[in-house]
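Breakdown of the fold
Each chain is listed here by its residues.
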Amino acid sequence: MTDAARAYLQTDDPVSAARVLMRADSIAPAEVRHRPAVREVVGQVARDPDAPATITQLAINLGVL
C-alpha cells in the first residue's frame, strides 16, 4: 500500500494517497506507525496543501509533521 500511496503522490493525487495510507493504518497500524519508509510517505502526503485533515492528524500523531 505504501507503493500505491507513493504512486498517487507522484501523480499529484494526495487525496488518494491519503486514502490508501489511512486504509493501511486501519489494517496494519503497527506497520504505518513503526516503519520509517511508511512514516516518510505519511509526512510527504500530509505536507501537500491539498491533503485531507485525516492524514495531517495521523502525521501529527506520528511526529512526522
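This report concerns the structure included in the present document. Keep in mind that this is a model prediction, so the values were computed, not measured. (Residues numbered from 1 in each chain as written. Predicted model: local features only at pLDDT ≥ 70, side-chain atom pairs only at ≥ 80, totals over all residues. Heavy atoms only, no water.)

Formed by 18 residues in total, the largest nonpolar core has its most connected members in Leu21, Val32, Val42, Val45 and Ile55. Of all the secondary-structure elements, those providing two or more residues to this core are helix 2 (14-27), helix 4 (36-47) and helix 5 (53-62). Dropping the residues within four chain positions of it, Leu21 is found in contact with Ala5, Val32, Val38, Val41, Val42, Val45 and Ile55. (Core = buried A, V, L, I, M, F, W, Y, C linked by side-chain atoms within 4.5 Å. Buried < 20%, exposed > 50% of the residue type's maximum accessible area, 1.4 Å probe, protein only. Helix = DSSP H or I, 4+ residues; strand = E, 2+ residues; numbered from the N terminus. Contact = heavy atoms within 4.5 Å.)

With that out of the way, let us pick up the packing of helix 2 against helix 4. Packing of helix 2 against helix 4 leaves a shortest axis separation of 10 Å and a crossing angle of 145°. With respect to the hand of their crossing, helix 2 and helix 4 are arranged in left-handed fashion. Here Pro14, Ala17, Ala18 and Leu21 of helix 2 come into contact with helix 4, specifically with Val38, Val41, Val42 and Val45. (Axes fitted to C-alpha atoms, helices over the stretch in contact; angles between N-to-C directions. Left-handed = near helix turned anticlockwise from the far one by under 90°.)

Take the environment of Leu65 next. Looking at the secondary structure, you find Leu65 in the segment after helix 5. With residues up to four places along the chain from it excluded, the contact list for Leu65 reads Ala46, Arg47, Thr56, Ala59 and Ile60.

Purely geometric stuff here, so don't read any function into it on its own.
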